[in-house]
Amino acid sequence: MRAVVQRVSEASVTVGGETVGSILGPGLCVLVGVTHEDTAEHAKRLAAKLWSLRILDGEKSCSDLSAPLLVISQFTLYGDARKGRRPTWNAAAPGEVAEPMVNAVVAELRALGAHVETGVFGADMRVALVNDGPITLVIDI
């Protein structure tokens, strides 16, 4: 499981011109990619990492500040463009595998007490955010 985590002061995702998820920060915008070998344990570990990651102001975490998270599925995180000009998506799990894993990350975060907003799995989404810092991390679980 791979996540791109950005510290934000605000973030939103729209589908078909309608806002389906938004947060006002401080908080985190998290893009989540799933590969074939990922399990519920990976989802649990990623959620715990996101909730406790100390990258907000004053080295605080979302759990310290009750800060919100916007979690968006992103299969392209497993794209491979090392050869040629067209990426391959072979490492990305298919939707029927990936969607439950992304949902598991969201469910685990909510079980920890997080306020989580989401995008729509598989939709053509428009993500807008104000990166605070900027701080952006890639996390592989």
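In what follows, the structure referred to is the one given above.
Now for a quick tour of the structure. (Residues numbered from 1 in each chain as written. Predicted model: local features only at pLDDT ≥ 70, side-chain atom pairs only at ≥ 80, totals over all residues. Heavy atoms only, no water.)

1. Examining the packing of aromatic side chains
In this structure the tally under the stated criterion is one aromatic pair. When the centroid spacing of 5.3 Å and the interplanar angle of 70° are considered together, the rings of Phe 75 and Trp 89 count as edge-to-face. Here the residue Phe 75 occupies a position in the loop between β3 (69-73) and α3 (95-111), and Trp 89 occupies one in the loop between β3 and α3, the gap between them amounting to 14 residues. (Phe/Tyr/Trp six-rings, centres within 6.5 Å; stacked < 30°, edge-to-face > 60°. Helix = DSSP H or I, 4+ residues; strand = E, 2+ residues; numbered from the N terminus.)

2. Considering the nonpolar core
The biggest cluster of nonpolar side chains holds 30 residues, and the ones touching the most others in it are Val 5, Val 30, Leu 50, Leu 69 and Leu 109. Taken together, the elements giving at least two residues each to this core come down to β1 (2-15), β2 (18-33), α1 (40-52), β3 and α3. Sort the elements by how many residues they give to this core and α3 lands first, with seven residues. Once residues within four sequence positions are removed from consideration, Val 5 is found in contact with Leu 28, Cys 29, Val 30, Leu 50, Leu 53, Ile 55, Ile 135, Thr 136, Leu 137 and Ile 139. In this structure, Val 4, Leu 31, Ile 72 and Leu 77 belong to the second largest nonpolar core, which totals eleven residues. (Core = buried A, V, L, I, M, F, W, Y, C linked by side-chain atoms within 4.5 Å. Buried < 20%, exposed > 50% of the residue type's maximum accessible area, 1.4 Å probe, protein only. Contact = heavy atoms within 4.5 Å.)

3. Some details on α3
Over its 17 residues, α3 extends 24 Å from the first C-alpha to the last, a length consistent with the 24 Å expected when each residue adds 1.5 Å. The complete set of buried residues in α3 reads Ala 98, Met 101, Val 102, Ala 104, Val 105, Val 106 and Leu 109. Contacts made by the buried residues of α3 are with β2, α1, β3 and β4 (116-118). Gly 113 lies just past α3 and shows a positive phi near 105°. (Expected span 1.5 Å × (residues − 1).)

4. Things to note about the environment of Gly 122
Looking at the secondary structure, you find Gly 122 in the loop between β4 and β5 (125-140). Separated by 27 residues in sequence, Gly 122 and Gly 95 place their C-alpha atoms 7.6 Å apart.

5. Some points on unusual backbone geometry
Geometrically, the link from Gly 25 to Pro 26 is a cis peptide bond, its omega value of 10° lying close to zero. Tracing the chain through its elements places Pro 26 in strand β2. The omega torsion across Gly 133 and Pro 134 is -5°, close enough to zero to call that bond cis. The backbone of Glu 59 shows a phi angle near 55°, a positive value even though the residue is not glycine. Overall, the relative accessible area of 54% leaves Glu 59 in the exposed class. Phi at Ser 66 takes a positive value of approximately 55°, unusual for a residue other than glycine. Assignment of secondary structure puts Ser 66 in the loop between α2 (62-65) and β3. On the basis of relative accessibility, which here comes to 59%, the residue Ser 66 falls in the exposed class.

6. Structural notes on the layout of surface pockets
Estimated volume of the largest pocket: approximately 320 Å³. Taken together, 20 residues line the largest pocket, and the ones lying closest to its centre are Ser 73, Gln 74, Phe 75, Gly 122 and Met 125. Secondary structure elements with two or more residues in the lining of the largest pocket: β2, β3, α3 and β5. Residue composition of the lining of the largest pocket, grouped by class: 13 nonpolar, six polar and one charged. (1 Å grid on protein atoms, 1.4 Å probe; cavity = no way out; pocket = protein on both sides within 12 Å on 5 of 7 lines; lining within 4 Å. Points joined across faces, edges and corners; volume = space filled by probe spheres on them. Nonpolar A, V, L, I, M, F, W, Y, C, P; charged D, E, K, R; others polar.)

The values reported here are purely geometric and, on their own, carry no functional implication.
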